[in-house]
Amino acid sequence: MNRKEIVNGQRIPYELETEILIQMLGSQDMTIFCLACEALSYRPEERAYSALSAFLISKDYFRRLYAFQVIFRNPRTASLQWYLDEQLSSEDLNFVRAALHNIMYYQVACSEEKLKAAVYAHYRSLDDEFYALAALSISDDNYQYLKSLWKVACTSISQEIISKVLIRGYGATKAEELFSLLSASSNPKLRVMAVYHAKENGIATEHMANDVDGHVRKAVKGSKR
């Protein structure tokens, strides 16, 4: 993930000394606070981590949220899994989404059951956060969960992401079943995905050569990616 350079039109001062950045956290100006958070989140020192983590219990909603959104860049956050798991169960969608983004971007360890419950509870409101599901271990229970989620997913992008997670984790062991699932979709992108998945696993796709979508037909006629 590329390091952010600008917040609210102002350059993030990564070059400033840690003590100056910590002092900036006390500013009444929210932009200055955010600039300091961004820079401190990359600092490995204990004092940087401590100053930033203190805002996870701030009474200020927006400071608490912003600190949570960036702090898991720090390698010292292994001890904060309890806080991440707690936010996965939050009734506040902003904190749930922040928790999912932390899992996606920083490969943070989490409770698999709380991750699954959070995504299922909020799937109608999520976008790229479905990628957090890649953190799930490979198991039959998780496979069944992903399939059930795929079936209720209400947007094309959510089904596409879940399909990628399924193929990445179970493409070799559940090849035929996943091909059947994806090839029967009304979404042509998923049918194209099904064709490439089939070719990787030696599954015949000739019956899809007359698909109504040109991209699917092209995938059938083309070679493996």
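Preceding this section is the structure that the text describes.
What counts, and at which threshold
- Residues numbered from 1 in each chain as written.
- Predicted model: local features only at pLDDT ≥ 70, side-chain atom pairs only at ≥ 80, totals over all residues.
- Heavy atoms only, no water.
- Helix = DSSP H or I, 4+ residues; strand = E, 2+ residues; numbered from the N terminus.
- Buried < 20%, exposed > 50% of the residue type's maximum accessible area, 1.4 Å probe, protein only.
- Contact = heavy atoms within 4.5 Å.
- Areas by Shrake-Rupley, 256 points an atom, 1.4 Å probe, with all protein chains shown as cover.
- Lys, Arg positive; Asp, Glu negative; His and termini not counted.
- Charge placed at Lys NZ, Arg CZ, Asp CG, Glu CD.
- Expected span 1.5 Å × (residues − 1).
- Arc of directions from axis to C-beta.
- Axes fitted to C-alpha atoms, helices over the stretch in contact; angles between N-to-C directions.
- Parallel < 35°, antiparallel > 145°, perpendicular 65-115°, else oblique.
- Left-handed = near helix turned anticlockwise from the far one by under 90°.

1. Overview of the overall build of the chain
Working step 1: Summing up its helical and strand segments, the chain has twelve helices and two strands in all.
Working step 2: Reading the secondary structure of the chain in the N-to-C direction produces β-β-α-α-α-α-α-α-α-α-α-α-α-α.
Working step 3: Taking the principal axes of the C-alpha coordinates as reference, the chain spans close to 65 × 35 × 25 Å.
Working step 4: A total of 225 residues make up the chain; the buried ones form 50% of that total.
Working step 5: Of the contacts made within the chain by residues no fewer than 6 positions apart, 58% connect residues no fewer than 24 positions apart.
Working step 6: In the structure as shown, the chain presents an accessible area of about 11600 Å², 51% of it carried by carbon and sulfur atoms.
Working step 7: Looking at the chain, you have 27 positive and 27 negative side-chain charges, and the mean spots of the two groups are 5 Å apart.

2. Some thoughts on helix H9 (residues 156-170)
Working step 1: The terminal C-alpha atoms of H9 lie 21 Å apart, and with 15 residues this matches the ideal 21 Å at 1.5 Å per residue to within 8%.
Working step 2: When we look at burial in H9, the residues that qualify are Ser158, Gln159, Glu160, Ile161, Ile162, Ser163, Val165, Leu166 and Tyr170.

3. Brief notes about helix H7 (residues 112-122)
Working step 1: Taken as a whole, H7 has its buried residues at Leu115, Lys116, Ala118, Val119 and His122. For H7, the buried positions fall inside an angular range of 160° around the axis, keeping them on one side. When the buried face of H7 is taken as reference, the exposed residues oriented beyond 90 degrees from it are Glu113 and Ala121.
Working step 2: In this structure, the buried side of H7 is in contact with helix H5 (81-88), helix H6 (93-106) and helix H8 (140-152).

4. So, the packing of helix H10 (residues 175-183) against helix H11 (residues 188-200)
For any two helices packed against each other, one specifies the inter-axial angle together with the distance between the axes.
Working step 1: Two elements in contact, H10 and H11, have axes whose closest approach is 8 Å; the angle formed by their N-to-C orientations is 155°. Between H10 and H11, the angle is such that the two are roughly antiparallel. Note that H10 runs across H11; the crossing there is left-handed. Between H10, through Ala175, Leu178, Phe179, Leu182 and Ser183, and H11, the contact on the second element is made entirely by Leu190, Arg191, Met193, Ala194, His197 and Ala198.

5. So, the environment of Leu40
Working step 1: Its place among the elements puts Leu40 in helix H2 (residues 30-40).
Working step 2: Judged by its relative accessible area of 0%, Leu40 is buried.
Working step 3: The sequence separation of Leu40 and Ile103 amounts to 63 residues, and the corresponding C-alpha distance is 19 Å.

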